[in-house]
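Here is what each chain is made of, one letter per residue.
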Amino acid sequence: MEPIYITGMGMNCSLGWTPEDIHQALLSGVASGISDIEILSTRHRGTFPVGEIKRETEDLRSLVANSGALPLNRTTILATLAVENAIEQARYVHRTGGRLGLISGTTVGGMDASEDGYIDHVAGRVHPTNFFQVGDCAFCAEFLADRLGGVNYLSTISTACSSSLNAIGNAVQMLRAGQLDVAIAGGADALCRFTINGFNSFMLLDQERCRPFDASRSGINLGEGAAYFVLETAASLRKSGNEPLAMITGYGNHNDRYHPSSISPVGDGIQLAMSSAINEAGLKTQQINYVLTHGTATPNNDASEGAAIEGVFSSGETPAYISLKSSFGHTLAASGALNTGVGITSILTGTKYASYNWSQAMPELSSVPLTNTAQDALVNHVIINATGMGGYCSSMVLSKS
Amino acid sequence: MQALYINGSSRIGALLSAPSFSGLAVADEPDYTEYLPKNSLRRLDRMSKFGLYTTYAALAAAQCEQPAGIIMGVGQTVSQILDEMVRKMIDQQEGLTNPTSFMNSLLGTAAGQIALQLSCNGYTNTHTQRGFSVEAALMDAVLQLASCPEQEFVVGGLDVTHDSYVDLAKNYGHFASRSAPQVERQIAEGAVSMVVSGVPGAHSKACINGIYTIFLTDEAINNWSAKELKQALFNGAGPCVDLVLSGRPLGNEAQSIYDRVLTEYEGNTPISAFKERTGEFPTATAHGIYLAVESLSTQAAGEVNSVLVINNFGDRYLSAILVTRP
C-alpha cells in the first residue's frame, strides 16, 4: 500500500506543549505528568491523580484568537494549539490549493463546557455560555475548519478511546483513495467531571499513579491533551517539498465483539487490528521494533492487550513495548494520536522510551514492558494500539521515511 | 467515486402530516422483539435499539447473514442518556453513577452494540459531524469496499431526541452559522440502516453514484455556487435526474442555499420536500436516501431512474447524494 507521509505534528499533554517538551520529559523519567487535580473543579480532588495541564481554561483561551460568537471549550483550545504547531511545521501546505480534509477524534467533545452549563440548565436558569452548541462533539472540528479557511472533507470520529487513531486511519484511507491531497487528523479530549465520574462508576480509576502491565495495577489515571498531524500523499510531497517526519504504512480496525465495556481475554480484536496493520504495511512481525500500547493499567486491558501482543509476535520475538499512561495519563480520544506523536519522536531520535512505574511482572504474561530507556536504538517500525468501549480496536504502523 | 449498491434498508422515524415548530416529532417505534430478545431491551439505550432494529431489518431485506463491518453516523450528540447522566451527576454531587449509563452515553456505543450482537469482528466506526455524520459514514464505506467490493457493510444514521433537547434548543437556539434564536425547526429523530456493497448483487435496489459535501464557512455561504455541486456529481452537465428529494427546511433557515441549488430543477424535475415528512435532525440525509430507494423500487423503470437527495443541517452543512437504479 502507498505510504502516507507525516509532515507536521503538534501535541500537548501534562508533560508539555511540544513534541520536544514531551520527548525531554519522557527521557528524564523523573518528572511525571501525573499529579493531584488542581484545575478541574470536582469533588474528586485529592482522590484520583490525573495527567492535568496546569492552566485554567480562561487563561488558555487567551492563546487562541477567536472572532466567533461562542467561547471555546477546553478540548477545542488544546486541539487548536496542536493543529497550529502541526501546520506551521508542514509549512502551511494546506493552503496550497489541494483538496484538504480535517478529521478529528473526540470522546466527549466540549463536555467541560456542557457540565458547567447543565448546572444552570437543571436549575431552570439560562447559562451565560451557549454550552448546547459549544459542548457538541462536532464543535471542535467546525471551529478548526473555519480557522483553516474551509475544508473539502470534514468529519469527527467518536469511537471512545480509539477515536483519534481512527481519525488518522480515516485520513490515511481518504488520501490513499485519491479523495484528498492533504489531511489534518488527530484528536483531543479535556479532563472533565463527566469522564472522571463515568470511569469511577466502573471502579476503574486508581488512587495512585497508575502501573501499566504491572501485577499490582489497579486502574487508570485520566489525562488530557491533543495531538494532530499534517498528512500528505507522495504527489503532494513532491509539490510541497516538505521533509517527512515519518510514514504511516499500515492501519487495522477490528471489533473485539466480546463485551460492551471490556476486552476479550485473548485480545481478539487487538490481535486482528495489529495483524491487519502489519500486513498492510507489508512487514513481517520481526521487523516491528517497538509497540506503543493502549496500556490503560486496568486489570482487563493490560491482560488482554498483553495476550494479544504475545499472540501476534512469536515467543522470544516480542518487541519492546511500553505504555505512556503512567507518564501523562489516559487522554481518552487523544491517546492514539499522542502515542503516534511519541512514536514519531521515537523514530526521529532513535529512542525507545521506558514504561514508568513498573515493578512486578504480570503472571498472565511471559513478557514484561521495557523499563529502561534505550537511546541510539533501531526504531524503523512502530505499532500504535488504541481500544475503546464498544469493542473498538485499532492499530497503526509508523515507519521511518 | 466507486458506486455503493444498496442491498437492503430499514427506517425508524416519524412520518408527519402537520409540522410544528414548537414540539418534538417522536419516531414511531417498532416492536423491537421482532429482532431483539425481550430481556436484552432494558439494558439497551434508545439509540442502540434504533441501530440494532434497523440493522437487523436491513440485513433481512438484503438477505445478508453477516456484514463485513459497521459504520454509523450519529448526529445529535446530546443524547437522552447523556442528559440523564449529567443530571444525575449534578443531583448526586458526583456520587457513584450507573456504569451502563456512562457506557451508553458514549456516541460509539450503538455501532459497538451492533458489532457485538452480530458477532462481527470487522471494521467498526462512528462519525459524529452533525450534518455530515451520515455522509462521512457513506464515504467511509466507499473506502472500505475499495479493496473488497463484494463485501457488505452496514451503514446508517442515528438520531435520538428528547424533551430536554427541545428545551435546550429553545433556550440556546438551533445550530446555525450565526446567532439565530428565531430559527424555526421541526425537531425530529430517527434511524436508517443500509446494507451496501461495492458491486451489484441479486438484492441490489439502488446505487449511490456520488456524494458531495460542502461545509459552508461564513465566506463560503456568500460565495458558494451550485455549479460546484453540479461539477462534482454530474461533471458539469445540466439537470439530469428524474426526481429531487429536497431537504429544504420548513422553517426559515438555509433558504438561500436551496434557492441556488433548486433553480435549475424547478419546472423541469419533480421536487419533493422530504423533511416535511421526516422532520429535521442532523442525519436526515439517510432518510432522504431511504425515500429515494423507495421511489426507485416502487416506480417503473423509465419513470424514475435517478434521484438527487439534497440536504442541509443549519446553514453550514450542505450535502447532495446521487441515487440511481443499480
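The shown structure was predicted, so the numbers you read here are calculated from the model rather than taken from an experiment. (Residues numbered from 1 in each chain as written. Chains lettered and ligands numbered in written order. Predicted model: local features only at pLDDT ≥ 70, side-chain atom pairs only at ≥ 80, totals over all residues. Heavy atoms only, no water.)

Caption draft 1: Geometry of the overall build of chain A. Of regular secondary structure, chain A possesses 13 helices and 10 strands. Taking 21 Å as the expected radius of gyration for a compact globule of 401 residues, we find that chain A reaches 20 Å, a close match to that expectation. Considered along the principal axes of its C-alpha atoms, chain A spans approximately 60 × 50 × 40 Å. Residues counted as buried form 67% of the 401 residues belonging to chain A. Across chain A, every contact between residues at least 6 apart in sequence was considered, and the portion connecting residues at least 24 apart equals 78%. Counting 23 positive and 35 negative side-chain charges, chain A places the centres of these two groups 3 Å from one another. (Helix = DSSP H or I, 4+ residues; strand = E, 2+ residues; numbered from the N terminus. Rg over C-alpha atoms; globule rule 2.2 N^0.38 Å. Buried < 20%, exposed > 50% of the residue type's maximum accessible area, 1.4 Å probe, protein only. Contact = heavy atoms within 4.5 Å. Lys, Arg positive; Asp, Glu negative; His and termini not counted. Charge placed at Lys NZ, Arg CZ, Asp CG, Glu CD.)

Caption draft 2: Summary view of the domain arrangement of chain A. All names here are of chain A. When the domains of chain A are assigned, the result is domain 1 (4-240) and domain 2 (249-399). Distance from the C-alpha centre of domain 1 to the C-alpha centre of domain 2: 21 Å. Overall, the association of domain 1 and domain 2 removes approximately 4800 Å² of surface from exposure, summing both partners, and the carbon and sulfur fraction of that is 68%. Joining domain 1 to domain 2, the criterion identifies two salt bridges. Note that Arg176 and Glu280 form a salt bridge whose closest N and O atoms lie 2.5 Å from each other. The interface formed by domain 1 and domain 2 holds 27 residue pairs in polar contact (both at pLDDT 80 or more) in total. In terms of residues, the side of domain 1 that touches domain 2 owes the most to one element, helix H7 (residues 163-176), which gives eight residues. (Domains from an automatic or database assignment. Buried area = accessible area lost by both parts, 1.4 Å probe. Salt bridge = Lys/Arg side-chain N within 4 Å of Asp/Glu carboxyl O. Polar contact = N/O pair within 3.5 Å; in protein donor to acceptor, adjacent residues only side chain to side chain.)

Caption draft 3: Highlighting the interface of chain B and chain A. At the interface, 63 residues of chain B touch 68 residues of chain A. Between chain B and chain A lies a buried interface of about 5400 Å² when both sides are counted; carbon and sulfur atoms form 60% of it. The interface formed by chain B and chain A contains three salt bridges. Of the charged contacts in the structure, one is a salt bridge between Asp136 of chain A and Arg130 of chain B, with a shortest N-O distance of 3.6 Å. Counting the contacts that link chain B with chain A gives 26 residue pairs in polar contact (both at pLDDT 80 or more). Elements with a minimum of two residues in the side of chain B that touches chain A: helix H3 (80-91), helix H4 (99-105), helix H5 (109-118), strand E4 (123-127), helix H6 (133-145), helix H7 (163-172) and strand E8 (206-215) of chain B.

Caption draft 4: Structural detail: the side chain of Thr298 of chain A. Residues and elements named next belong to chain A. Considering the arrangement of structural elements, one finds Thr298 in the loop between strand E7 (290-292) and helix H11 (299-312). Within the structure, the side chain of Thr298 is placed 3.0 Å from the backbone nitrogen of Asn301, a separation counted as a polar contact. In contact with Thr298, other than residues within four places in its own chain, are Leu204, Arg217, Gly219 and Ile220.

Caption draft 5: Expanded view of unusual backbone geometry. We note that Asp376 of chain A has phi near 55 degrees; this positive angle belongs to a residue other than glycine. In this structure, Asp376 of chain A sits in the loop between helix H13 (335-349) and strand E9 (381-388). Look at Asn235 of chain B: it is not a glycine, yet its phi comes out positive at around 50 degrees. Overall, the relative accessible area of 66% leaves Asn235 of chain B in the exposed class.

Caption draft 6: Looking closely at the packing of aromatic side chains. Per the counting criterion, the structure on display carries 12 aromatic pairs over all chains. Here the aromatic rings of Phe131 of chain A and Tyr172 of chain B are separated by 4.8 Å at their centres, their planes lie at 65 degrees, and the arrangement is edge-to-face. One end of the pair, Phe131 of chain A, is in helix H5 (residues 131-134); the other, Tyr172 of chain B, is in helix H7, on a second chain. Taken as a pair, Phe131 of chain A and Tyr172 of chain B share a single burial class, namely buried. Both rings, one in Phe215 of chain B and one in Tyr317 of chain B, keep their centres 5.3 Å apart while their planes meet at 65 degrees; by these two values the pair is edge-to-face. One end of the pair, Phe215 of chain B, is in strand E8; the other, Tyr317 of chain B, is in strand E12 (residues 317-324), and 102 residues separate them in sequence. (Phe/Tyr/Trp six-rings, centres within 6.5 Å; stacked < 30°, edge-to-face > 60°.)

Caption draft 7: Summary view of the nonpolar core. In this structure, Leu231 of chain A together with Leu138 of chain B are the most contacted members of the largest nonpolar core, which totals 88 residues. The biggest single contributor to this core is H6 of chain B, with nine residues. Discounting residues that sit within four places of it in the chain, Leu231 of chain A has contacts with Ile4, Tyr5, Ile6, Ile168, Ala171, Val172, Leu175, Asp181, Val182, Ala183, Ala185 and Ile248 of chain A. (Core = buried A, V, L, I, M, F, W, Y, C linked by side-chain atoms within 4.5 Å.)

Caption draft 8: Quick peek at the domain arrangement of chain B. All names here are of chain B. Taken as a whole, chain B is organised into domain 1 (4-197) and domain 2 (206-324). Each of domain 1 and domain 2 was reduced to a C-alpha centroid, and the two centroids are 22 Å apart. Contact with domain 1, which involves 45 residues of that partner, is made by 35 residues of domain 2. Taking both sides of the interface into account, the surface hidden between domain 1 and domain 2 amounts to around 3500 Å²; carbon and sulfur atoms contribute 65%. The largest contributions to the domain 1 side of the interface with domain 2 come from Ile6, Phe132 and Glu135, which together make up 18% of the buried area. If you look at where domain 1 meets domain 2, you find one salt bridge. For the salt bridge of Glu253 with Arg185, the shortest nitrogen-to-oxygen distance reads 2.8 Å. Counting every contact that joins domain 1 to domain 2 gives 12 residue pairs in polar contact (both at pLDDT 80 or more). Looking at the side of domain 1 that touches domain 2, the elements with two or more residues in it are strand E1 (4-13), strand E3 (69-74), H6, strand E5 (152-159), strand E6 (187-188) and strand E7 (190-197). The element that contributes the greatest number of residues to the side of domain 1 that touches domain 2 is E1, accounting for seven residues.

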